[in-house]
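# Structure assessment
Residue-level listing of the chains:
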Amino acid sequence: MATAVQLLSLARKHIGEAYVLGALAPKGNPQWVGPWDCAEFASWCVYQASGQIFGCRPRGGNPDTVDAYTGYWAEDATTTGREVAVGLAAATPGAFLLRRPGCGIGHVAISAGNGKTIEAHSSKRGVIEGGAAGRRWDTGVLVPGIQVEL
């Protein structure tokens, strides 16, 4: 089982890389350096750290061609993952923060703990280490195969 420390170390190596909405990241390619969108970045990090495909369709598909999407993250959060309160996720390294798609665009970020995030943020900022406060999050998500300490 991968640890939160391993997940965060992997994610931090990509700070500064490009964000492109709708970009597809080959989850099985450990050398991938973008471009990313938020769900692709989060799912790539999960797969690289744990070997688990999460937030992608088709289920059980080829890791290099499955598509990650915040809507799939929302579905998987309730079926194979575990939902937790946003505040708890923001304080828990290795948890994820999710804004479900619906009235606006969805978003997913990796919690670095203490209210910090690592995420493929936007085309202007790319992959960043940022913050969770003052943003709309719908739920926190714990992903199977990523060991966290609540």
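Scroll up for the structure.
Notes on the structure in this doc start here. Computed from a predicted model, the values in this text were never measured in an experiment. (Residues numbered from 1 in each chain as written. Predicted model: local features only at pLDDT ≥ 70, side-chain atom pairs only at ≥ 80, totals over all residues. Heavy atoms only, no water.)

### Some words on the pairing of strand β9 (residues 139-142)
The alternating pattern of β9 places Thr139 and Val141 on one face and Gly140 and Leu142 on the opposite face, and all of these are buried. Relative to β9, strand β4 (residues 82-84) runs antiparallel, the two being bridged by 3 bridges. The residue bridging arginine 82 from the neighbouring strand is leucine 142, located in β9. Here strand β5 (residues 96-99) pairs with β9 via 3 bridges, running antiparallel. Paired with phenylalanine 96 across the bridge in β9 is valine 141. (Buried < 20%, exposed > 50% of the residue type's maximum accessible area, 1.4 Å probe, protein only. Helix = DSSP H or I, 4+ residues; strand = E, 2+ residues; numbered from the N terminus. Pairing = 2+ DSSP bridges.)

### Focus on the sheet that holds β5
Pairing in this open sheet of 6 strands is antiparallel, and the strands run β4-β9-β5-β6-β7-β8 from one edge to the other. Looking at the sheet topology across the chains shown, the edges are occupied by β4 and β8 (126-131). Strand-to-strand, the axes of this sheet are offset by a mean angle of 35°, without reference to chain direction. Where β5 meets strand β6 (residues 107-113), 4 bridges bridge the pair, whose relative direction is antiparallel. Each bridged residue has a counterpart across the sheet, and for phenylalanine 96 the counterpart in β6 is isoleucine 110. Helix α2 (residues 38-50) rests against β5, β6, β7 (116-122) and β8 of the sheet, and its axis sits at about 50° to β6. In the packing of helix α3 (residues 70-79) onto the sheet, the strands contacted are β4, β5, β6 and β9, and the crossing angle to β5 comes to about 120°. (Axes fitted to C-alpha atoms, helices over the stretch in contact; angles between N-to-C directions. Contact = heavy atoms within 4.5 Å.)

### Quick word on the packing of aromatic side chains
Tallying each qualifying case throughout the model produces 5 aromatic pairs. With centroids separated by 5.0 Å and ring planes inclined at 65°, the aromatic side chains of tryptophan 36 and tryptophan 44 adopt a geometry described as edge-to-face. Overall, the relative accessible area of 0% leaves tryptophan 36 in the buried class. Relative accessible area serves as the criterion here: at 0%, tryptophan 44 is assigned to the buried category. Grouped by ring-pair contacts, the aromatic residues Trp36, Phe41 and Trp44 constitute a single cluster. (Phe/Tyr/Trp six-rings, centres within 6.5 Å; stacked < 30°, edge-to-face > 60°.)

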